[in-house]
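Structural description and commentary
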Amino acid sequence: MKRKQSSYWKKAGAAGCAVILVVSLAGCTGQEGAPAQSIQSAPLSESQVQSEAENAKSAAPLGTEMTSEEIVRLATELVEAGQRWENWASDPAAQQLDCSDSITVERLGEPVTLYRLPDMESRAQVENALLEIFSRNYVDKKMETIFGPDAPYSLQEQNGALYANGDFGFDNQNVFRYTGNFVVIGCTEDSISLQAELRDNDGELTENWPLTLRREEGRWVLDGWKTDEKGDNSFVALPEELEQQTQQDPELASQLRYAWMLGDGLVWGSQRWVDWCFSGLFEPPVEVPGEEYPLADLSDLKVEEFEVEIGPEEKVYLMLDVTQPGNTPLRQGRNWYLLDFSDNGTGKVNGTIRRMYPDGENAAFGLGRDQSFGKEEENARLNEELMAVVNTFRGWASASPCDRDWWQEGGEVPYVVARMHQDGLIGTDGLFTEEQFNQAARDYLNAPDYQADKEHLLRCCYEQDGRFSLMEMGGLTADIGDNCRNLGGELAAGTATVIRRYYKDTLGLVPDYDLVYTMERSLDGTGHWYVYQCQKVPGGVSYIG
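This one's a predicted model, so the numbers in the text were calculated from it and none came from an experiment. (Residues numbered from 1 in each chain as written. Predicted model: local features only at pLDDT ≥ 70, side-chain atom pairs only at ≥ 80, totals over all residues. Heavy atoms only, no water.)

This part covers the layout of surface pockets. Estimates place the volume of the largest pocket at around 1,100 Å³. As for the largest pocket, its lining consists of 43 residues, and the residues nearest its centre are Lys315, Leu338, Leu339, Asp340 and Phe341. Among the secondary structure elements, those contributing two or more residues to the lining of the largest pocket are helix H8 (250–268), strand E12 (316–324), strand E13 (333–341), strand E14 (353–358), helix H11 (376–396) and strand E18 (484–492). Broken down by element, the residue count for the lining of the largest pocket peaks at five residues, all from H8. When grouped by side-chain class, the residues that make up the lining of the largest pocket number 14 nonpolar, 14 polar and 15 charged. (1 Å grid on protein atoms, 1.4 Å probe; cavity = no way out; pocket = protein on both sides within 12 Å on 5 of 7 lines; lining within 4 Å. Points joined across faces, edges and corners; volume = space filled by probe spheres on them. Helix = DSSP H or I, 4+ residues; strand = E, 2+ residues; numbered from the N terminus. Nonpolar A, V, L, I, M, F, W, Y, C, P; charged D, E, K, R; others polar.)

Tallying each qualifying case throughout the model produces 25 aromatic pairs. Ring centres 5.4 Å apart and planes at 65 degrees place the aromatic pair Tyr178 and Trp225 in the edge-to-face group. On the criterion of sequence distance, the pair formed by Tyr178 in strand E7 (residues 176–187) and Trp225 in the loop between strand E10 (219–222) and helix H7 (240–245) is long-range, its members being 47 residues apart. A relative accessible area of 2% means that Tyr178 is categorised as buried. With relative accessibility at 8%, the residue Trp225 sits in the buried group. Among the aromatic residues, those joined into a ring-pair cluster are Phe134, Tyr138, Tyr178, Phe182 and Trp225. The lysine or arginine in question, Arg272, covers the ring of Phe282, its NZ or CZ lying 4.4 Å from the ring centre. When the ring centre of Tyr513 is taken as origin, the NZ or CZ atom of Lys536, which lies over that ring, is 4.3 Å away. (Phe/Tyr/Trp six-rings, centres within 6.5 Å; stacked < 30°, edge-to-face > 60°. Buried < 20%, exposed > 50% of the residue type's maximum accessible area, 1.4 Å probe, protein only. Lys NZ or Arg CZ within 6 Å of the ring centre and 35° of its normal.)

As a further point, take the pairing of strand E6 (residues 161–165). Among the five residues of E6, five are classified as buried, and the element is accordingly described as predominantly covered. As defined by bridge partners, strand E4 (residues 110–116) adjoins E6 across three bridges and the pair is classed as antiparallel. Following the sheet pairing, Leu114 is matched in E6 by Asn165. Bridge count for strand E5 (residues 156–158) against E6 is three bridges, and the pairing is antiparallel. What sits directly across from Gln156, in E6, is Tyr163. Hairpin connection between E5 and E6: a loop of two residues separates the two successive antiparallel strands, and Asn159 in this loop has a positive phi of roughly 55 degrees. (Pairing = 2+ DSSP bridges.)

This brings us to the pattern of salt bridges. One pass over the structure, following the stated rule, counts 26 salt bridges. Of the charged contacts, one joins Lys142 and Asp171 as a salt bridge, the two residues approaching to 3.1 Å between their closest N and O atoms. With Lys142 in helix H6 (residues 136–146) and Asp171 in the loop between E6 and E7, the pair connects residues that are 29 residues apart, well separated along the chain. One exposure class covers both Lys142 and Asp171, and it is buried. Here Arg214 and Asp232 are joined by a salt bridge, their closest N and O atoms 2.9 Å apart. (Salt bridge = Lys/Arg side-chain N within 4 Å of Asp/Glu carboxyl O.)

This brings us to the pairing of E7. Among the 12 residues in E7, 10 count as buried, and that is most of the element. As judged from the eight bridges shared by E7 and strand E8 (residues 191–200), these two strands associate in the antiparallel manner. Directly across from Cys187, in E8, lies its bridge partner Ile192. The antiparallel pairing of E7 with E8 creates a hairpin that spans three residues between the two strands.

Here we take up the confidence of the model for the protein chain. Per-residue confidence for the protein chain averages 86 on the pLDDT scale, and 87% of its residues sit at or above 70. Taken together, the stretch residues 1–42 has pLDDT below 50 and engages in 97 contacts with residues farther than four places along the chain or on a different chain. (pLDDT = per-residue confidence, 0-100. Contact = heavy atoms within 4.5 Å.)

Glancing now at the state of the cysteines. Cysteine pairs can be covalently joined through their sulfur atoms, and such a bond is termed a disulfide. The final tally for this structure, using the stated rule, is zero disulfides. No disulfide involves Cys402; its sulfur sits 5.2 Å from that of Cys534, the nearest cysteine. A relative accessible area of 15% places Cys402 in the buried class. (Disulfide = S-S within 2.5 Å.)

Now the structure itself:
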């Protein structure tokens, strides 16, 4: 699908995010100077909850009908309610437990005394109270924690009453509080995406985090809380053709929306929207030590058009037609980029774009978007075989440049055992004989005269009835956390080559260096692949696009 500049604002308007406003309401929860009485020490009574619920159902407008000021006022009211709940549920003193009524239960193998909770009597009452503030999906997960059978602080329902721990609250106390500063990112009829400012209890650290509001059963609720890494981009309108392809795959739909907005943001030079595609917020992605964010300055960039495409294995590709790269490392002309998306724990918002690797780097090996001229299966099998060897070598032998004699200084035993596991030469019990090991080592090391004795194996193996097993170890971790990847492998005249590329930047646009692994079949061509050389090439191999 192509999209030119003239259609950008039409789509943005249709998505309902024509206005972005930062608003701070005085006296909201957690703001400096807020009166203490603005946070109640106990949840609302049942009659208050029912009354407020009825009012909310009759008064809850669609997200697209609300002004930014109304949205921020709604968010403020909801986070105040959430903070009241957190203050009460995390503090046994605020709960005013009835110490005259107690039970003893076993938690984690130890007896724990619990005391009656006077304000609520049943699991259903706790659930209903939470549903007035939070979404059904969020409440379901929270209930698993609050009533978890293995946690010493969880609630226990017994004899028509609830019992709580007198030393620990049954819900968590987050060290952050909302300051009252919200930025409206986008909205649909039933969801609102916000950027919310949080400050720690000491008042020293301020951060932005995502906050999503959802309209459920006629009322607005919070779908997440404070430092949850959960954002929402459903306000981005995709072309109908792409939307139809993702109806049964919400994760792919979310990825395509980020890709679409990245293309739009680069065409228009919108820094905040480009940043949002990588961070989920109107700010650059979290900094990685030693890696630069390469799209921090779009001032002289000119992009004529872009395309978004679902490629092989449902990977998402973005084409940019760049006429002037400006201060970015984007490649001039029409170039495709493979987009890689974040997993849990890689930033503040899950599912955002993490990398945008040039597809030409894979195309050199017949991989990537075009999958190389009808040789997809052949290339896939070869690359899978070669890269499996390299990954095992890098993880258990050496993660640095080396030659064929690397093993003569020791360290070959874990590598050989890992290869034996990889090729199915070791059973599920993990045991092997001395002779089995030596035969495999001669093959994987291309060393026909190799011979390890029992003493050598026992340096990193256990012995059991004349058989051995590798001691517990985690392998090499030299490049864990680095922005790097295997580009592909190729075979020419019996010699195989695999290139692993390392990048200078966070997105994977600027090569730092390549590790070039060269392999041959061992034992005069009759054995397995073995690595006989690993070379470092500063700046990357020149012929790779």
